[in-house]
Amino acid sequence: MTVQPNLGKGVKDARANPARISVVAPAYNESENLPVLFERVREALEGIDVPFQLLVVENGSTDNSIDVLRDMHERDPRLNYIRLSRNFGHQGALTAGMAVAEGDALISMDADLQHPPEVLPEMIAKWREGYDVVIAVANTNATQSLARRIINRIYYSVITGISGLDLRGGLSDFRLMDGSAALVMKSLPERSRYLRGLARWIGFSQTSISYEIAERFRGESKFSLGQLFRFGVDGALAFSILPLRLFLVLGFFVAGSSLLYACYLVMSKLLSDHFGIGENAVSGFTTLAAGIFFLSGTILMGIGILGEYIGRIYDETKARPSYIVWESSLKDPDPESGSDPREAR
Ligand code: UDP
Ligand code: MG
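Only a predicted model underlies this, so the values are computations on that prediction, with no experimental measurement involved. (Residues numbered from 1 in each chain as written. Chains lettered and ligands numbered in written order. Predicted model: local features only at pLDDT ≥ 70, side-chain atom pairs only at ≥ 80, totals over all residues. Heavy atoms only, no water.)

1. Focus on the packing of aromatic side chains
And then number 1: For the coordinates displayed, the defined rule picks out six aromatic pairs.
And then number 2: Both rings, one in Y194 and one in F239, keep their centres 6.4 Å apart while their planes meet at 70°; by these two values the pair is edge-to-face. One end of the pair, Y194, is in the loop between α7 (179-186) and α8 (195-201); the other, F239, is in the loop between α9 (225-237) and α10 (242-275), and 45 residues separate them in sequence.
And then number 3: With relative accessibility at 18%, the residue F239 sits in the buried group.
And then number 4: Measuring from centroid to centroid gives 6.1 Å for Y261 and Y264, while their planes differ by 20°, and the two rings are stacked. One end of the pair is Y261 and the other is Y264, both in helix α10 and three residues apart, which spans about a single turn.
And then number 5: The partly exposed category is assigned to Y261, whose relative accessible area is 41%.
And then number 6: A cation sits over an aromatic face here: R83 above W326, 3.7 Å from the ring centre.
And then number 7: When the ring centre of F217 is taken as origin, the NZ or CZ atom of R218, which lies over that ring, is 4.6 Å away. (Phe/Tyr/Trp six-rings, centres within 6.5 Å; stacked < 30°, edge-to-face > 60°. Helix = DSSP H or I, 4+ residues; strand = E, 2+ residues; numbered from the N terminus. Buried < 20%, exposed > 50% of the residue type's maximum accessible area, 1.4 Å probe, protein only. Lys NZ or Arg CZ within 6 Å of the ring centre and 35° of its normal.)

2. Quick notes on helix α3 (residues 65-75)
And then number 1: Three or more residues of α3 are buried, namely S65, I66, V68, L69 and M72. All buried residues of α3 project into a common sector of 155° when viewed along the axis, lining one side. What points out from α3, more than 90 degrees from its buried face, is the exposed set E74 and R75. (Arc of directions from axis to C-beta.)

3. Notes on the coordination of the magnesium ion (ligand 2)
And then number 1: Surrounding the magnesium ion (ligand 2) are the protein donor atoms D112 (OD) and Q114 (OE1), at 1.9 to 2.0 Å.
And then number 2: D112 gets classed as buried once you look at its relative accessible area, which sits at 4%.
And then number 3: For Q114, a relative accessible area of 23% translates into the label partly exposed. (Donors = N, O, S within 2.8 Å, 3.2 Å for Na, K, Ca; no water.)

4. Regarding the site of ligand 1
And then number 1: Around ligand 1, the structure places 17 residues, and the nearest of them are E30, D112, Q114, S221 and K222.
And then number 2: Residue P26 places a main-chain N or O atom 2.7 Å away from an oxygen atom belonging to ligand 1.
And then number 3: Contact between ligand 1 and D112: an oxygen atom at 2.6 Å from a side-chain N or O atom of the residue.
And then number 4: Taking 530 Å² as the accessible area of ligand 1 by itself, protein coverage stands at 90%.
And then number 5: Looking at the shell around ligand 1, the elements that each hand over two or more residues are β1 (21-27) and α4 (89-100). (Near = heavy atom within 4 Å. Polar contact = N/O pair within 3.5 Å; in protein donor to acceptor, adjacent residues only side chain to side chain. Areas by Shrake-Rupley, 256 points an atom, 1.4 Å probe, with all protein chains shown as cover.)

Here it is in structure tokens:
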């Protein structure tokens, strides 16, 4: 891949006077939040005199979100939307939004107002200082339970250890990317995308700011436990084959120590049978049973991890699009999505 030429501190102009900034927000059944989201984004960005568009990715909602969006677009063309043919998940919607959003910078945020739009000027200020990726890290102390915070911390430390990417602060997809950095990310060929990891992986100059995460304005969390689990496994496996390698190491260790143990058993058998030294070396059932259970469990885990990787290869080789655009308020939604986008109705 070619390196984008205009990254970094050299392009002060577009940063000082951006032609437009795109704010991308995936929304699944968020109709009550959308007008407030737009108002607050508008206030925050008009306050610092930055032209913008809010691009809502309507993710196959079952409520009246699409009517709300058509209406909002009619009243203010800075509100744009693309409607996906079904819910392609949070990451699918963000991928879709990033693919069509244009602008000198691209901001991704949730539509439920947990990511306060009032933080945007601070992110933009960091971008203007010359950073290409500005990650907003939630200060979760106020809103999350201790257990959730501990689980989060352990989880992200583990993925940081596995992937080698510093994801300890990457608890959300609330971030700003310079237009060129976003272009680099869009052009990555993989279909299943763990965006908060990829945003770190692409490099360039990165910084983070912290913000107070708010309560959801309306509605409930749209993530099921199963989705969260799948997302968690994605993060652990998307950037490294270390889990597989650990099983290789474990295999060597078990095989090596078993060999030593087998030598010991043969020796003590020979010694006791032929020279009467020591006792006959028949060990108990417990050791045998524990050994078999432990090893079968470990082998099953190994096969499971292998299966996760193979499943991902399977998904990638099918090469289906990560989203399908159904309708859009933009003129040319996304020529590359492989879909058949229709004109806005
Ligand atoms: N979302 C989505 N599809 C999903 C789940 C979530 O488009 O299957 C959107 C949702 O509308 C919201 C954002 O992703 O704008 C974050 O979701 P949510 O607030 O439910 O997650 P939480 O904050 O509880 O982690
Ligand atoms: Mg939320």
